[in-house]
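Here is how the chains run, residue by residue.
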2 protein chains.
Amino acid sequence: MSVCADCQAADSSPALRNARVTIRDVARLAGVSLGTASNVLNNPTVVAAPTRLRVLDAIARTGFVRSTAAHQLRVGRSLTVGVLLLDLANPFFAEMVKGAEAVLRDKGYVLMVCSSDESPDQERRYLRALEEHRVDGLLTTPVERDLKDLAALAARGIPTVLLDRDAGGLGLCSVTVDDVRGGELAASHLIALGHTVVAFVNGPLSIRQCADRRQGARQAFRHASLRPERAMVEITVPALSVEQGEKVVERLLASIPRPTAVMCANDLLALGVLRGLTAAGIAVPGEVALVGYDDVAFAAMLSPALSSVRQPKYELGASAAMLFLEEVSGEEHEHRSVRFEPELVVRASSGGDKTTAISLPT
Amino acid sequence: MSVCADCQAADSSPALRNARVTIRDVARLAGVSLGTASNVLNNPTVVAAPTRLRVLDAIARTGFVRSTAAHQLRVGRSLTVGVLLLDLANPFFAEMVKGAEAVLRDKGYVLMVCSSDESPDQERRYLRALEEHRVDGLLTTPVERDLKDLAALAARGIPTVLLDRDAGGLGLCSVTVDDVRGGELAASHLIALGHTVVAFVNGPLSIRQCADRRQGARQAFRHASLRPERAMVEITVPALSVEQGEKVVERLLASIPRPTAVMCANDLLALGVLRGLTAAGIAVPGEVALVGYDDVAFAAMLSPALSSVRQPKYELGASAAMLFLEEVSGEEHEHRSVRFEPELVVRASSGGDKTTAISLPT
DNA sequence: GTGAAAGCGCTAACAA
DNA sequence: TTGTTAGCGCTTTCAC
């Protein structure tokens, strides 16, 4: 009812179609020029109080809502920030987005969130779409190792911050967690517990995080005077998902010598592996020790509680957003790389929660 | 390097600032008029093959990327869809967004994702921002029970689909899961297991889902000839989060008579409660049975595995997106309400996984 | 088959 | 202090 009144009011002057009320309508109703109405919005101090009130009143009465598109066309800012990540359904990324959102919403930005689902094609399409939308900035975890698309984008004037990914010499800001160190933490932990055959369920090495964690793990083996080629059973899966983790268990159990410990590239995989092992009647950590990566919210509550490598998810997103803000703030900006340290959280699944803290190689 | 070549090419005509290459630049380079260049994009068949190729070539050489904003100003479509939900970090919503994204991305839409964090204020601000951006549609789980803001938005020409929320007579599409039924399923299950004092850890009743689940639970008690006022210990928390769940345990244990079972308004709360109970040394389901709601990915793997009420999250999002598409497809559209049925998933935490299936009142 | 021109809604520079 | 005007980049008639 009151709704109808509203829309009739808005529609009164234009044709039958529910045409949008423009600033021109506002001006007309307030009996001022278009420019003055605009000034009320963008430069309120410059217009006399009585006029301003008339305009404000007209805005309220017409239900005027300024068009960002038109604004953008003049001013050059879209008030949007693109967020392009691997998988929104992964709590790790979701949490990160929330961090970014929290710092950006107060500055008037809205996020365009896109999941590439680890498909380079999808990523390319979204990158294109975001550029068409002229996002004021981009926070992204690229699928592809090759960052030239992103560098080009940045060169074309879209400030880009890499999320959980190194800039690799290109002039980009980035926020990362030391994944080599994280991989090392996980592997060292298992090694210190006496495991000499450790499976590493990893995603595609084209994903930097996966490659880095692997490198860290190898490092750990070498530090322990173990040959990674023998001690580390590498199993690569196409996606970092629960399903893939569950599916991989078969291969895991078939491999000879059979691993007594498993580390996974993320907690979703670990969850899948855990589910698979449980289904197969394998005791965790009794027969197989398990370590995940990310320490997502549920890791602590799994059965058994999942040992994992914690990453400061929310802070990662927030820092990325702040780097973006810094870059667009106007003052000259040096591309920076913010690096967070991961942290091993030992719980039951690795069987290491009862042992004393072990000193790890640095 | 090739990057630099590109941007120099683009920058050659305009000033020193990295000005965007426009369709006018493309036209100039191709030696055609602006209109023809535009036709190549929007009406390719109408332009002669050789000309078209020249233009296409110019587009490639300049790295032209069309501006959605300008496009929108003419055509009236922003190619964006707003998604405004309670909390992106809640896997339930994240999964739903992915469902929506999957159907919308192929149609060229990008999602503007916003978390209201259950704050009416935040919600209002985002609603405003999304309207300024002229989203072509809105998929939303409102915080407020009062939908008049949304109805007004829809009346102003933004097709709105309610996510997991009834339209309540207003002319809006909606996708819902029968929450009354879900609450009934959870409560009936616990009642059937012999519990006569059941705590219901619920969120604010201003959230429809919370109110509905409560109603369903009360219904279940009455069906079992129990008085809800006595058998059901209601505890309301301000947010549906793990933290709140954990915090609530104290009150839970202090209440007299002490509940032997707990049902929660979502799995995050249940996870918190489980964590709290475990910390307090209370056996689940031995001393207290527990049922969650949503059946998020990790529910099955908790310790003990969490009984929960499953909702088709992904499908919910996908259907909402499809309703939106239907609405904008042009053919006259009747607002529809798609309703999904929830499903009780019995696992260890309720202590009901060993009993035979129980017939529940319908 | 192609070009010229109007205009989407807004801001900002300039005039009055 | 207010009004006028020229675009921002694009699509889309309408002539040619």
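Worth saying up front: this structure is predicted, and the values here are computed from it rather than measured. (Residues numbered from 1 in each chain as written. Chains lettered and ligands numbered in written order. Predicted model: local features only at pLDDT ≥ 70, side-chain atom pairs only at ≥ 80, totals over all residues. Heavy atoms only, no water.)

## Considerations on the packing of helix α7 (residues 120-132) of chain B against helix α8 (residues 148-155) of chain B
Residues and elements named next belong to chain B. Contact geometry of α7 with α8 gives a least axis separation of 12 Å together with a crossing angle of 5°. If you check the angle between α7 and α8, you find them roughly parallel. In this structure, α7 contributes Arg124, Leu127 and Glu131 to the contact, and α8 contributes Asp149, Leu150 and Leu153. Split into classes, the residues belonging to the contact of α7 with α8 amount to three nonpolar, no polar and three charged. (Axes fitted to C-alpha atoms, helices over the stretch in contact; angles between N-to-C directions. Helix = DSSP H or I, 4+ residues; strand = E, 2+ residues; numbered from the N terminus. Parallel < 35°, antiparallel > 145°, perpendicular 65-115°, else oblique. Contact = heavy atoms within 4.5 Å. Nonpolar A, V, L, I, M, F, W, Y, C, P; charged D, E, K, R; others polar.)

## Points about the domain arrangement of chain A
Taken domain by domain, chain A holds domain 1 (8-74), domain 2 (79-177 + 313-340) and domain 3 (179-310 + 343-358). Relative to domain 2 of chain A, the C-alpha centre of domain 1 of chain A lies at a distance of 35 Å. (Domains from an automatic or database assignment.)

## A look at the protein's contact with DNA strand C
Neighbouring residues of DNA strand C: 23 residues in total, closest Ile23 and Arg74 of chain A together with Ser33, Thr51 and Arg74 of chain B. Sugar and phosphate atoms represent 69% of those atoms of DNA strand C found within 4 Å of the protein. In the model, a phosphate oxygen of DNA strand C is placed 3.4 Å from a nitrogen or oxygen of the arginine 66 of chain A side chain. Here a phosphate oxygen of DNA strand C sits 2.8 Å away from a polar atom, N or O, in the side chain of threonine 36 of chain B. Per element, the largest residue contribution to the surface near DNA strand C is five residues, and it comes from helix α5 (residues 68-75) of chain A. Tallied by class, residues from the surface near DNA strand C come to 11 nonpolar, nine polar and three charged. (Near = heavy atom within 4 Å. Polar contact = N/O pair within 3.5 Å; in protein donor to acceptor, adjacent residues only side chain to side chain.)

## A closer look at unusual backbone geometry
Note the cis peptide between isoleucine 256 of chain A and proline 257 of chain A, where omega equals 0°. As for its placement among the helices and strands, proline 257 of chain A is situated in the loop between α12 (242-254) and β8 (261-264). Omega for the bond connecting valine 284 of chain B with proline 285 of chain B falls within 30 degrees of zero, at 5°, which places this linkage in the cis form. Relative to the helices and strands, proline 285 of chain B resides in the loop between α13 (267-279) and β9 (289-291).

## Some words on the protein's contact with DNA strand D
Taken together, the neighbourhood of DNA strand D is formed by 24 residues, with Ser33, Thr51 and Arg74 of chain A together with Ile23 and Arg74 of chain B sitting nearest. Each atom of DNA strand D within 4 Å of the protein was classed as base or backbone; sugar and phosphate made up 65%. One of the backbone N or O atoms of isoleucine 23 of chain B is found 2.4 Å from a phosphate oxygen in DNA strand D. The backbone of alanine 70 of chain B places a nitrogen or oxygen atom 3.2 Å from a base nitrogen of DNA strand D. Elements represented by at least two residues in the surface near DNA strand D include exactly α3 (34-42) and α5 of chain A together with α3 (34-42) and α5 (68-75) of chain B. Considering every element that reaches the surface near DNA strand D, the biggest residue donor is α5 of chain B, with five residues.

## What to know about the sheet that holds strand β7 (residues 232-236) of chain B
Pairing between the strands of a sheet is mediated by backbone hydrogen bonds and can be parallel or antiparallel. All names here are of chain B. Strand order across the open sheet formed by four strands is β7-β6-β8-β9, with parallel pairing between neighbours. Both outer strands of the open sheet, β7 and β9, are each paired with one neighbouring strand and no more. Neighbour-to-neighbour, the strand axes of this sheet turn through a mean angle of 20°, independent of strand direction. Pairing of strand β6 (residues 198-202) with strand β8 (residues 261-264), which is carried by four bridges, proceeds in the parallel orientation. Looking across to β8, one finds that phenylalanine 200 is bridged to methionine 263. (Pairing = 2+ DSSP bridges.)

## Concerning the pairing of strand β1 (residues 80-85) of chain B
Where a strand is regular, its side chains alternate between the two sheet faces. Residue and element names in this part refer to chain B. Taken across its six residues, β1 has six buried, putting it largely inside the fold. Because side chains alternate across β1, one face comprises the buried residues Thr80, Gly82 and Leu84, and the other comprises Val81, Val83 and Leu85, equally buried. Here six bridges tie β1 to strand β2 (residues 110-115), and the two strands are oriented parallel to one another. Along β2, the bridge assignment pairs threonine 80 with valine 110. Handedness of the crossover is the feature at issue here: the chain leaves β1, passes through helix α6 (residues 91-105), returns alongside β2, and the resulting connection is right-handed. Examined bridge by bridge, β1 and strand β3 (residues 137-140) share four bridges and lie parallel to one another. The residue of β3 that forms the bridge with valine 81 is glycine 137. (Buried < 20%, exposed > 50% of the residue type's maximum accessible area, 1.4 Å probe, protein only. Right-handed = clockwise from strand over helix to strand, strands pointing away.)

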